[in-house]
Amino acid sequence: MTRLKTRWVIFGGLFLMITLSYLLNVRFESVASPEVQKSYTYIEDLPEGSVIMVSFDHEASSLPEIQPLALVVLRHAFKNNLKIIGVSLFAEGTAIGYRLLSQTASEFDKRYGTDYVFLGFKPQQISAILGMGESIRHVFPEDYLGTPTDEIPVMHGIVNYDQVEMVVSITDGALTVHWIEYVGSQYHQQVMAALTAAMITTYDPYLASGQLFSVVGGLKGAAEYENLLGQPGGGNRGMLAQTSAHLYVIVLIIIGNILYFRDRKRGKE
Amino acid sequence: MDIGLIIAGILTLAIYTFLYKDNPIYKAAESLLIGLSIGYALVIYWQTTLVDRLFAPLFWHGELAMIIPLVLGLLMFTRFSNRLSWLSRIPIALMIGAGAGVAIPAMLYARTLKQMSASVMPLVDGGGFNVEALVVIVGLLTTLAYFYFSREHKGAMGVAAKVGTYFLMIFFGATFGYTVMSRMSTFIGRIDFLLTDFLRVLA
C-alpha cells in the first residue's frame, strides 16, 4: 500500500468513526472524577450573589475543546445566580470570552452590567494579576464596551480579590500558572482551571500540592460536569465520538505493531 | 444561513484538505488564519497597550510622567541601528530587572518550596501504609538520580537512574496520551460544527 493510501485509510477511518458516532447521537454516561466533583460542589455551594472571576486565557484555535468547558462552568454559575466578572489575559480570548458570556447569559435572562460584566483584555499578565489584587478598577478603569467600571452595578463593592469567591481560568496553555503563583499564593484566592486535556499533566503537580483548587480537564471533564449539572452539551455529544476515536487509534497501534514485527521477522529470515 | 457560518464551514474543510496533501486551498486558509490572528492581536494590543495606557494619559490627560515609558519604548527601536543599538539595553535591562524582581520570589515559593513540601508525605498515614507516598519518594529520588550527571550512572546510581527513566516515560506517555485526546477533541469539535451548524444534519 502506498504511503498516501495508508494516510487516506487512517484519516478516512477516523473521520468515519467520529461522524458515525455523532450520527448515532447516543448520550454517553460518564462518572464525575473527584476533581470535577470538587469544582462542581464548590460552585454549587456558593451563596446566590457571590462573585466569581472567569478569565479567558486561551487561543481561538483551541475553541472546539474550550467552548464546552467554558459553557458548562458559565451555565452553572448563572443557574445558581452567581455574579460573573469576565476578563482575558490572552488577546485572542477577548472576543471569544465576551461572546461565550453573552451567549450563556441570554440563556438565563441575565443582564449585562447587573449580573455579569466583561472587563476585556489586559496585556502583561503578571502585572495585571497583581494589580487586580490591589484594585480591579485601577487595572480595568473601563469594561470591554467602554463603560467606566465605577458605573457598572455588578462592580459595586468589588475592590479586589477579597470580594471574589473564586478565579476560574479557562486555558489551553500555561497562563493559569500565573494565577496560581500570584493570586493563589499571595492573595490566598481559590483558583480553578478549566483546561484542554493536553495541559492536564502540566497542572497535576499544582493540584497535588493544593496550590490549584480543582481542575475540569478536556472534553471528558466538560461531559462529566454537564452530567452533574443535568444539562448535556458539547462535552456529552462528543463522548461517544471520542471513545470510538480512541478505540480506533488503539486498534491502529496494535495493527501497526503486528505489521512491524511481521516485517522484522521476515527481514531476519 | 449566517454568512459567518458558511465562511467558517468552508475554511474548516479547506484546512482538512491538508489530509490529502499540501495544496493551495490549505495554504490560503492557513495564511488567512495566521493573518487574522496576528491582525486581531495587533489591534487589541494597539488599543489596550498604546492607546489606553500611553497615548490617552499622555496626550489627552497631560500626564507628563508617561514620557518615560514612551522614551523607553522608542529606545527599543534603536536595535535597527548598529551605531545606537546599545541604547536598547536600557529598556531591556529595566524589563528583565523588574520581571525578575517580581517573578523570582513568587516562583521560588510556588514552584520550588511548595512543590518540595508537597513531595514530603508521611509513609504511614492514619495507621496504614501510604503507597502513594512511597511512589512519590521513589519517583522523586530516581528521577533526580537520572538528571544527576556529576557521577557516572553505574551500580546503584545506574539502577536508580534506570528506574527514573521509567517514571519519566510514564509521565511522557501520560502527557502524549492527553495530547492525543486533546487533538481528537478539537477534531470532534469541528465535526460537531460541520454536522450541526454548517450542514445541519444534526439538530
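What you are looking at is a predicted structure, and each value in this text was computed from that prediction instead of being measured.

1. Focus on the overall build of chain B
In terms of helices and strands, chain B carries six helices and two strands. Secondary structure of chain B in N-to-C order comes out as α-α-α-α-β-β-α-α. Taken against the 2.2 N^0.38 rule, which gives 17 Å for 203 residues, the C-alpha radius of gyration of chain B at 27 Å runs more than 25% over that of a compact globule. Reported as C-alpha extents along the three principal axes, the dimensions of chain B are approximately 65 × 60 × 40 Å. When burial is assessed residue by residue, chain B has 8% of its 203 residues classed as buried. The long-range share in chain B, meaning contacts at least 24 apart out of those at least 6 apart in sequence, stands at 14%.

2. Description of the domain arrangement of chain A
Looking at chain A, the domain boundaries give domain 1 (1–27 + 241–269) and domain 2 (28–231). Look at where the C-alpha atoms of domain 1 of chain A and domain 2 of chain A centre, and you get two points 38 Å apart.

3. Describing the sheet that holds strand β2 (residues 83–88) of chain A
Residue and element names in this part refer to chain A. In spatial order, the strands read β3-β2-β1-β4-β5-β6; together these six strands make up an open sheet with parallel pairing. Edge strands, defined here as strands with exactly one partner in the open sheet, are β3 (116–121) and β6 (214–217). On average, each strand axis in the sheet is inclined to that of its neighbour by 15°, with strand direction left out of account. Two elements, strand β4 (residues 166–171) and strand β5 (residues 191–195), share five bridges in a ladder whose sense is parallel. Directly across from Val167, in β5, lies its bridge partner Val191. Against the sheet, helix α3 (residues 63–79) engages β1 (51–57), β2, β4, β5 and β6, with an angle of about 160° to β4.

Conventions adopted
- Residues numbered from 1 in each chain as written.
- Chains lettered and ligands numbered in written order.
- Predicted model: local features only at pLDDT ≥ 70, side-chain atom pairs only at ≥ 80, totals over all residues.
- Helix = DSSP H or I, 4+ residues; strand = E, 2+ residues; numbered from the N terminus.
- Rg over C-alpha atoms; globule rule 2.2 N^0.38 Å.
- Buried ≥ 20, exposed ≤ 12 C-beta atoms within 10 Å, placed from the backbone.
- Contact = placed C-beta atoms within 7 Å.
- Domains from an automatic or database assignment.
- Pairing = 2+ DSSP bridges.
- Axes fitted to C-alpha atoms, helices over the stretch in contact; angles between N-to-C directions.

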